[in-house]
Amino acid sequence: MSLRISDLAPDFQADTTEGRISFHDWLGDSWCILFSHPKDFTPVCTTELGYLAKLKPEFDKRNCKVIGLSVDPVSDHERWLGDIAEATGYSVNYPIIGDSDLAVAKLYDMLPADAGATAQGRTAANNQTVRCVYIIGPDKLIKAMLVYPMSSGRNFDEVLRLLDSCQLTARHKVATPANWKRGEDVIIVPSVSDDEARERFPGGWTAVKPYIRVVPQPGA
């Protein structure tokens, strides 16, 4: 099953470090960051889980739940948590899905259907494609997807910035320009006519080009 932006995020049931969940029920009316890892006790992933624990209060402020996935059983995750806290200084404060049967990784097309049915005997190299980040909206649709190689640690500050953009553009008929950060100017989307734009943005806009109409961020 190949997934794309605007697809329904597949539902599933799974055991996690915080108990068993039904994914869509667990999401409720929140946004979500679902991020995956190829193996427990791997160095780059250890730094990522710790940093995301540090950053989690920022996601909480944005009504965004965080959940990890690693292709190992929950019992291994629980042993790994101590290493993460010791190595990074932050205790993991979000659930990690146990995917020892590879079911969720396959459901989200991170592993091929013929990858087998157990994590036993598999290495991080076998699972290298399980390095994805999904931003999922309250409507359960995928809003953004990022894929990283094992050698490159993920930039969760960028994930937070991307979430800000997704949430803003879901509420207002605007788009965010290159390198945009929360509070900076945005662009009126082309589908909004000038007449509609005058109603939505009574303060006016700066027309860099007829199709690039720049306005202050709504609500900033």
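Residues numbered from 1 in each chain as written. Predicted model: local features only at pLDDT ≥ 70, side-chain atom pairs only at ≥ 80, totals over all residues. Heavy atoms only, no water.

Asks: Provide a residue-level description of helix α2 (residues 43-61), including the pertinent values.
Replies: For α2, spanning 19 residues, the distance from its first C-alpha to its last is 29 Å, which sits close to the expected 27 Å at 1.5 Å a residue. Largest kink in α2: about 50°, centred on Leu-55, with the proline Pro-57 one to four residues after it. Those residues of α2 that sit buried are Cys-45, Thr-46, Glu-48, Leu-49, Gly-50, Leu-52, Ala-53, Leu-55, Lys-56 and Phe-59. Looking at the buried positions of α2, the neighbouring elements they touch are β3 (31-37), β4 (64-70), α3 (74-88), β5 (96-98) and α5 (156-171). Looking one or two residues beyond α2, the residue adopting positive phi is Asn-63, at roughly 55°. (Helix = DSSP H or I, 4+ residues; strand = E, 2+ residues; numbered from the N terminus. Expected span 1.5 Å × (residues − 1). Bend = angle between axes of the 7 residues up to and from the residue. Buried < 20%, exposed > 50% of the residue type's maximum accessible area, 1.4 Å probe, protein only. Contact = heavy atoms within 4.5 Å.)

Asks: Please give an account of the packing of α2 against α3 that cites residues and values.
Replies: In the contact formed by α2 and α3, the axes pass within 9 Å of each other and the chain directions differ by 75°. When the axes of α2 and α3 are compared, the pair comes out roughly perpendicular. Together, Cys-45, Thr-46, Thr-47, Leu-49 and Gly-50 of α2 and Trp-80, Asp-83, Ile-84, Ala-87 and Thr-88 of α3 make up the contact between the two elements. Here the residues of the contact of α2 with α3 are counted per class, giving 5 nonpolar, 4 polar and 1 charged. (Axes fitted to C-alpha atoms, helices over the stretch in contact; angles between N-to-C directions. Parallel < 35°, antiparallel > 145°, perpendicular 65-115°, else oblique. Nonpolar A, V, L, I, M, F, W, Y, C, P; charged D, E, K, R; others polar.)

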